[in-house]
Structure formats: structure tokens, C-alpha cells
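Next come the chains, spelled out residue by residue.
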Amino acid sequence: MRRMLLALAALLVVPLLILAHPARADDPKDMEPPRPANGLALTPPMGWNTWNKFACEINEDVIRKAADALVSSGMAGAGYKYVVIDDCWHGARDAHGDMQPDPVRFPSGLKALGDYIHSKGLKFGIYSDAGKMTCGKRPGSLGHEYQDAAQYAAWGVDYLKYDWCYTGTLDAKAAYTLMSDALRASGRDIVFSMCEWGTAKPWLWAQTVGNLWRSTGDIYDGWQGKKDYSLGIMDILDLEADLYPYAGPGHWNDPDMLEVGNGGMTETEYRSHFSLWALLAAPLIAGNDLTSMSPATRAILTNAEVIAVDQDPLGAQGRRVAKQGELEVWARPLANGDRAVILLNRGAAPAKITVNWTDLGYPAKLPAKVRDLWLAKDQGTSKGGYTAEVAPHGVVMVTVRPAV
């Protein structure tokens, strides 16, 4: 009897010991395997989105004409591939809970529209929201994540922008990871654009969840200042300044879509906007009316040398390396060992700005060749640094290449 009691006591003690001394969370055998990236968007995505110009005033004719213009303007040839339908395409869910497009605005359906976009050699993007409703109060994906991802895949979708309105007490990391997993389970490669506005600091956790994440509030078509919840490009730039360690191939900080050509800024300011987004390794998602684009707007959006900086395979986001009042120097390393540099004049008067080679990680006496990317002209060889006069609200954008 005594032996039986001892055995019974031992059985009771073992679970208590396990509770008192649980396995360490950092034991390799107890850790979850690292989450892999989806292997997409190894350079920042380039394309066009409906929102900045058209907001909710969209239909299939607008989208088809935009796809046509993306090709005929030369923008597709310059690298702009995604045609993204933003908010307000939605109708209602059918009896099975499948999301359907607005039958008046999109009578042919989104599968047919996606096929048309693909026939032009382009890729098809769409929009949804992690909450009960989209920001435009259309049905959101909450509770339908896997169902919606499967529907998008059936329509031939290549890109999903996923917003963060009407989310209540949802946890951002959990909600975006859920849709990320749903997209992977759909059987189709779909770039995942997270539009959470940076509230939950996605750059700290989203490298293997999304391919790009909004790191700021919305942009508006202006140089500086706040308009409701939207920011001018200088305000956004300042918010991006310290986020450079978190960007890289397949995972990008997103300072929001381009406003180039929408009329709220000067040509000089638009050139600055485009240059800075390229230096930031930002997604280049145009937002203007492609069917009535001016030659100046087209020239900005299709500058091949500036786009090459944005699309550099090293994927290093640029950062501010020098500042004196309203005069700044921004730079990023390129895969071939060159540096891309922007001399930025935030002020209201022309000013000379100098980049010193030591700010770029080069020896002070290194001879280096300088090329101006907007003039498309070599500027000779310099030692120690390079100086240029920069227009108000303007930039001079150059590449610097060691001459030895």
C-alpha cells in the first residue's frame, strides 16, 4: 500500500513541477519557425492608383482608359505596372458572402476588368479594409479574410491595398497577419500593401507580413503643413527620416502615393516630390489623371535615371546626412557602390548647398564623378565634395561615383 501511495504522489507532483518550471520560451524546440517573406516586390512597386485624382468617382471606363494611357504615355515602359482600384468599387456581398463589385459602376465585373488590364501587359490591384467597413463605408473584409483573398485570386488580382478604417479594438499585427496568410493561401502571388498609417509602427514587425506599409498619415497635394489628417510632402519626409533601417527588398516604408500632376504644387515642387520619393526607395504609385497628363508631368514621372535610383536592387532607403537650417543633404548607397544624393532647399530663396564626400562615407580627397539626373548631364570630377545652387523648394539630384 505504501508503494502505491508513493507512486500516486509522484504522478501528482510531476504536473506541479511542470507548471512551476515551464519550458523556456527561447528553447529552440519550443520556438515557432521564422515566418518567411512572400518573395514579392523585391524593388518598390510602381503603378497608378485611382484615389488621389478620382476618389470615389470611379467606374470601369475610368480604369480602362487609365490602363490604356499608362501604356500609350510610356509610363508602363518606364516601369509602372500596377493599376490599382482604390475604395468605392464595392457593391454588396452575395448570398454566399462573396464580395461583388458595384453593378452600375462595374457592369462587366472585376474578372473582365482584370483580364483587360492583363491584356495590356499590366498588373491588377484592388482595395479592401481590415475593419467592418472601408474608409468610404463600403463592406470591409473583417470576418471574410480568406473568402475575400480567394475571390481576389479568382479575379486575377496581383496587388491588395488593405486599409485600417472602422477597426475598433482590433490588433493591427494580428489583423494584417491574418490577411497576409489568407493571400498566401489563395494560390496566387499578391503584393500586400498595408495602409495602417504607421500608428502601430509596422516597420518594427511587418517585414514578413506585408510588402509595403504606410509609415505616415495620408498625403495631400501641398509642400508643407497639415490639412485635416493629411500632410504635405515636407512633413511626410521628416517622418520618414529615421525609418531607413527598416526598408529593404520585399518590405518598404510607404510615404503614400504620388501627387505629381494634380495641380496643387509647382513643377519645381513636383520634381522635388518625385526625387525624394525615389531616394526613399518608396513605392512610386502615380495618382494623376493619365489621360490629360501634361508633357512636364510626364517628363517628371518617366525620368529613367531617377527611377533607376528608386529601383536600385540594393534596396537601401535614403536618409538625411546633413542639415543647415532649411538646406539639407539626403543620400543613399547604390548597388554598384555609387551614391545617390539630393541637395534639398526647403526655403523661399535660391541657395548654394554642398555635399561633402565624408557625409557619403567616402574619403575626403577621393576624386569622384558627378552626374545631374535632371539635367541628364555629367558634371565633371570633384574632390572633397560638390556644390550646386538650388531653387526655392527645389532639389539638385546627382549620383556620385568614385573616379578611381
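Computed from a prediction, not measured in an experiment: that's the story for all the values here. (Residues numbered from 1 in each chain as written. Predicted model: local features only at pLDDT ≥ 70, side-chain atom pairs only at ≥ 80, totals over all residues. Heavy atoms only, no water.)

1. Structural notes on the packing of aromatic side chains
To describe a pair of aromatic rings, one takes the distance between the centres and the angle between the planes. Per the stated rule, a full pass over the model turns up eight aromatic pairs. Relative to tyrosine 176, the ring of tyrosine 162 lies with its centre 5.6 Å away and its plane at 85 degrees, an arrangement referred to as edge-to-face. Here tyrosine 162, found in strand E6 (residues 159–163), pairs with tyrosine 176, found in helix H7 (residues 172–185); they are 14 residues apart in sequence, far enough to count as distant. Take tyrosine 162 and tyrosine 176: they sit in the same class, and that class is buried. (Phe/Tyr/Trp six-rings, centres within 6.5 Å; stacked < 30°, edge-to-face > 60°. Helix = DSSP H or I, 4+ residues; strand = E, 2+ residues; numbered from the N terminus. Buried < 20%, exposed > 50% of the residue type's maximum accessible area, 1.4 Å probe, protein only.)

2. Re the environment of alanine 55
If you trace the backbone, alanine 55 turns up in the loop between helix H2 (51–54) and helix H3 (60–72). A residue is classified by how much of its surface remains accessible, and alanine 55, at 28% relative accessible area, is partly exposed. Sequence-distant contacts of alanine 55, that is, excluding residues within four places in its chain, are made with Thr50 and Asp87. (Contact = heavy atoms within 4.5 Å.)

3. Some words on H7
If you check H7, its first and last C-alpha atoms are 20 Å apart, about what 14 residues at 1.5 Å a residue would give, namely 20 Å. Within H7, burial applies to Ala172, Ala175, Tyr176, Thr177, Met179, Ser180, Ala182 and Leu183. Tucked inside the fold, the buried residues of H7 contact helix H6 (145–155), E6 and strand E7 (191–194). Just past H7, the residue glycine 187 takes up positive phi, approximately 85 degrees. (Expected span 1.5 Å × (residues − 1).)

4. Comments concerning the sheet that holds strand E11 (residues 230–231)
Across the sheet, three strands lie side by side as E9-E11-E10; this open sheet has mixed pairing. Every other strand in the sheet has two partners, leaving strand E9 (218–219) and strand E10 (226–227) as the edge strands with one partner each. Bridge analysis of E9 against E11 gives two bridges, and the strand direction is parallel. Looking at the pairing, aspartate 218 lines up with serine 230 of E11. (Pairing = 2+ DSSP bridges.)

5. Side note on the side chain of serine 230
Take serine 230: it is sitting in strand E11. The exposure class assigned to serine 230 is buried, which follows from its relative accessible area of 12%. Sequence-distant contacts of serine 230, that is, excluding residues within four places in its chain, are made with Asp218, Ile219, Tyr220 and Gly225.

6. A short note on the side chain of histidine 90
Summarising the element assignment, histidine 90 is placed in strand E3 (residues 90–93). Within polar-contact distance, the side chain of histidine 90 engages the side chain of tryptophan 89 at 3.4 Å. Apart from the residues within four sequence positions on either side, histidine 90 is in contact with Met99, Gln100, Pro101, Asp102, Tyr127, Ser128, Thr134, Arg138 and Pro139. (Polar contact = N/O pair within 3.5 Å; in protein donor to acceptor, adjacent residues only side chain to side chain.)

7. Digging into the state of the cysteines
Per the counting criterion, the structure on display carries two disulfides. Between the sulfur of cysteine 56 and that of cysteine 88 lies a disulfide, 1.8 Å long from S to S. Here cysteine 88 lies in the loop between strand E2 (82–84) and E3 and cysteine 56 lies in the loop between H2 and H3, a separation of 32 residues in the sequence. As far as the burial class goes, cysteine 56 and cysteine 88 line up, both buried. Through a disulfide, cysteine 135 is tied to cysteine 165; the S-S separation comes to 2.0 Å. (Disulfide = S-S within 2.5 Å.)

8. Things to note about helix H5 (residues 110–119)
Every buried residue of H5 is accounted for by Leu110, Leu113, Gly114 and Ile117. Take H5 and look down its axis: the buried residues cluster within an arc of 100 degrees, on one side only. Against the buried residues of H5 lie H3, E2, strand E4 (99–101), strand E5 (123–129) and H6. Downstream of H5 by a residue or two, glycine 121 has a phi angle that is positive, lying close to 80 degrees. (Arc of directions from axis to C-beta.)

9. Quick look at the packing of helix H8 (residues 233–240) against helix H9 (residues 267–279)
The description of two helices packed together rests on the angle between their axes and the distance between the axes. Two numbers describe how H8 lies on H9: the axes approach to 11 Å, and their chain directions differ by 20 degrees. Taken together, the axis directions place H8 and H9 in an arrangement best described as roughly parallel. As for the relative orientation of H8 and H9, their crossing is left-handed in sense. Two secondary-structure elements touch here, H8 through Ile233, Met234, Ile236 and Leu237 and H9 through Glu269, His273, Leu276 and Trp277. For the contact of H8 with H9, the per-class residue count stands at six nonpolar, one polar and one charged. (Axes fitted to C-alpha atoms, helices over the stretch in contact; angles between N-to-C directions. Parallel < 35°, antiparallel > 145°, perpendicular 65-115°, else oblique. Left-handed = near helix turned anticlockwise from the far one by under 90°. Nonpolar A, V, L, I, M, F, W, Y, C, P; charged D, E, K, R; others polar.)

10. Quick word on the pattern of salt bridges
For the structure on display, the rule yields 19 salt bridges. Where arginine 35 meets aspartate 181, a salt bridge forms, and the shortest distance between an N and an O atom there is 2.9 Å. Placement of arginine 35 in the loop between helix H1 (2–20) and strand E1 (46–49) and of aspartate 181 in helix H7 is noted, with a sequence separation of 146 residues between them. In this structure, arginine 346 and glutamate 328 form a salt bridge, with 3.0 Å as the shortest nitrogen-oxygen distance. Within this pair, whereas arginine 346 is found in the loop between strand E16 (339–345) and strand E17 (351–356), its partner glutamate 328 is found in strand E15 (residues 327–333), the two being separated by 18 residues in sequence. (Salt bridge = Lys/Arg side-chain N within 4 Å of Asp/Glu carboxyl O.)

11. Things to note about the nonpolar core
In this structure, Tyr80, Trp89, Phe274 and Trp277 are the most contacted members of the largest nonpolar core, which totals 84 residues. What tyrosine 80 contacts, discounting residues up to four positions off in sequence, is Met46, Gly47, Leu70, Met75, Leu122, Phe274, Leu284, Ala286, Leu301 and Ile307. By size, the runner-up hydrophobic cluster in this structure holds 18 residues, among which are Leu343, Tyr362, Leu366 and Val400. (Core = buried A, V, L, I, M, F, W, Y, C linked by side-chain atoms within 4.5 Å.)

12. Observations concerning the sheet that holds strand E12 (residues 252–254)
Spatially, the eight strands line up as an open sheet ordered E12-E8-E7-E6-E5-E2-E1-E13, and their pairing is parallel. Bordering the open sheet on either side are E12 and strand E13 (284–286), each of which pairs with just one other strand. Going across the sheet, the axis of each strand differs from the next one's by a mean of 25 degrees, ignoring polarity. Judged from the two bridges that link them, E7 and strand E8 (residues 212–214) form a sheet pairing that is parallel. In the sheet register, methionine 194 faces E8, and the bridge partner there is tryptophan 213. Running over the sheet, H5 touches E2 and E5 and is turned about 140 degrees from E5.

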